Amino acid sequence: LCRAVAAVVVGSPEKYERVAATTGNRWQQLNDRNVDVLLTGDTHTIEREVRESSTGAGFSFSSTYNYDGMVYFGNQTFVHCAEEHKRYDDCSSLLICTGSSSTHYAFLKASFPSDYLIVGASRDEVFELLFNGTCNVATYDKSYILGATFSNSSNDRGYVLGTKFQTKEPLAIVTRDKDREFSDIVNWVVQALIWGEEQGLAKNLSLCHNYSDQTLYDVTDLLFLNSVHCVGNYGDILGLDSKDRGMNQINNGSTGMLYATPFGNIDKDNTISPASGSTLAKIRNEGLIKCGVVVPDSFEGNVTGSNKLVGMSVDYCRTLAAALFTGNYKPVNFLTFSESDDSSFIALANGTIDVLVGGKVQRKYDFGSQSLEGFHFSTPYYYGNEAASDTASFYSVATRDHRDDVLFSSFVNCIVSATIYAHENDIKREKSNGMPSVSLFGNELNWALRDAIAYSGNYDEIYMKNFGSGKSEVDRGRNILNEGGPMMHSFPRFTWWQ
């Protein structure tokens, strides 16, 4: 993946430098600009978007390049003990090795007393501690263990791989939050790799353009398909047999793609209120959210009385209002925009609206231009049912990609993800208090997730309200929960990728 990014950004897949980082210092390395990207198997969480625990800084994450999960690996008896959370009888000497400053450690700390855990400073150290007998179980992402060279000799040691995912680990390339254009570039490198596999493209050095000695002045000068031509498509880089790819296969529209971004630790003790000049603070102070709704050109009537996709978009506006204003879903000013022009994104850019719903994730809006600044897109809340080889539709909540809007963008993403999280955990409207509290956005928004679900219900409730309850899972296409099936599909393509 580093080579793919270099092939696009620098013009040569060999123009990159590997910098050693440990599980304990990797976030500081990135924050201090000692590295440009972090590619150490890092999980995208809402917490890390806003305030990563070891640095206090927020970071940007690419699209997921590997849907993974933590598994136990080691002595068969003790792997079973760990999976069952058993610590007595044969399990009394259970010792689990894991990495510091990781989602794995956060999960284990909440699942086992501290004297059952041993923390390693790096991935290599974690497994060395297992191999030398310091612990009898180690944790890491399943895909790493399957691909690691030591796994070939694990049978000789009597080691086994656990059968259960203990955590959700959507792994992404991490960049600094303040480098928004560079973050967008990295994200679309991942998208180009996925699109390459969808289209059957492969590594082709005759099409690999070396422009490392040229001066590029605009993102439109970058050749994004250099990532595929110089390095290979997504499947080539992943390097796993199809039977081992799990969720990391191309989604053809027949299985669900609803997947909530993990929250991480969103209820921290040391809360910080939003800065007074931030978009989040301004909206709360004004007591009103201005929500743009994209509608078909043939649309007639009032959006607030609509159903299907327009009605669903309206519900997400109101859900945001409920989250922002202590459960009150009414302080929303709705404005409608045609789907066939740029008027909606122009209104978002100039502040006429605060958020835009019902628009598709599109590359031309992700990057800034002379006429428009770039925009941020939340987790999609609706997917079209196009085939894998076609341009798929991803409907998302768009916000401005400006420094004052970064916290608000994460808040919006958190609320959209919360509706899917509630569906994953069977938390319905009447059980909204089962949602976690959140302090990342200030104490005054501590109940934001509960207030959101108390209004809207979970994703399934929102969907059935607008599309009816008679639709089968086949009819819903990608708009059902992912149950371990394929999750990969590229965003819409533009000709200037090439």
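Since we're looking at a predicted model, the values are computed, not measured. (Residues numbered from 1 in each chain as written. Predicted model: local features only at pLDDT ≥ 70, side-chain atom pairs only at ≥ 80, totals over all residues. Heavy atoms only, no water.)

1. Quick word on the sheet that holds strand β6 (residues 117-120)
At step 1: Reading across the sheet, the 5 strands line up as β6-β5-β7-β4-β8 and stay open at both edges, with mixed pairing between neighbours. The open sheet has two free edges, formed respectively by β6 and β8 (159-161), since each of these has just one partner strand. Direction aside, neighbouring strands of the sheet carry axes that sit 30° apart on average.
At step 2: Sheet strands in contact with helix α4 (residues 76-83) are β4 (70-75), β5 (96-99), β7 (137-141) and β8, and its direction is about 145° off that of β4. (Pairing = 2+ DSSP bridges. Helix = DSSP H or I, 4+ residues; strand = E, 2+ residues; numbered from the N terminus. Axes fitted to C-alpha atoms, helices over the stretch in contact; angles between N-to-C directions. Contact = heavy atoms within 4.5 Å.)

2. Remarks on α4
Within an α-helix, residues lying three or four positions from one another point in the same direction, as the helix has 3.6 residues per turn.
At step 1: Those residues of α4 that fall on the buried side of the exposure criterion are Phe 78, Val 79, Cys 81, Ala 82 and Glu 83.
At step 2: In the core, the buried residues of α4 are packed alongside β4, β5, β7 and β8.
At step 3: Just downstream of α4, His 85 is the residue with a positive phi angle, here 55°. (Buried < 20%, exposed > 50% of the residue type's maximum accessible area, 1.4 Å probe, protein only.)

3. Some words on the side chain of Asp 184
At step 1: The residue Asp 184 is located in helix α9 (residues 180-198) in this model.
At step 2: Buried charged residue Asp 184 carries no salt bridge. Nearest counter-charge: Arg 180, at 6.2 Å.
At step 3: Those residues in contact with Asp 184, other than ones at most four positions away along the chain, are Asp 366, Phe 367 and Asp 401. (Lys, Arg positive; Asp, Glu negative; His and termini not counted. Salt bridge = Lys/Arg side-chain N within 4 Å of Asp/Glu carboxyl O.)

4. Quick word on the pairing of strand β12 (residues 355-360)
At step 1: In terms of residue burial, β12 counts as a mostly covered element, since 5 of its 6 residues are buried.
At step 2: Pairing geometry for strand β10 (residues 289-295) and β12, over 3 bridges, is parallel. For Cys 291, the partnering residue across the bridge sits in β12 and is Val 355.

5. With respect to the state of the cysteines
At step 1: Considering all chains together, one arrives at 4 disulfides under this definition.
At step 2: The disulfide that involves Cys 97 links it to Cys 135, with 2.1 Å between the sulfurs. The disulfide joining Cys 97 to Cys 135 has a torsion of about -120° about its S-S bond and is therefore left-handed. On the criterion of sequence distance, the pair formed by Cys 97 in strand β5 and Cys 135 in the loop between α6 (123-131) and β7 is long-range, its members being 38 residues apart. Side by side, Cys 97 and Cys 135 carry an identical accessibility label, which is buried.
At step 3: In this model Cys 208 forms its disulfide with Cys 230; the gap between the sulfur atoms is 2.0 Å. Its S-S torsion of approximately 100° makes the covalent link between Cys 208 and Cys 230 right-handed. With Cys 208 in the loop between α9 and α10 (226-231) and Cys 230 in helix α10, this residue pair connects regions lying 22 residues apart in the sequence.
At step 4: If you count the bonded cysteines of the protein from the N-terminus, they pair up as 1-2, 3-4, 5-6, 7-8.
At step 5: No disulfide involves Cys 2; its sulfur sits 15 Å from the nearest other cysteine sulfur, which is in Cys 230. (Disulfide = S-S within 2.5 Å.)

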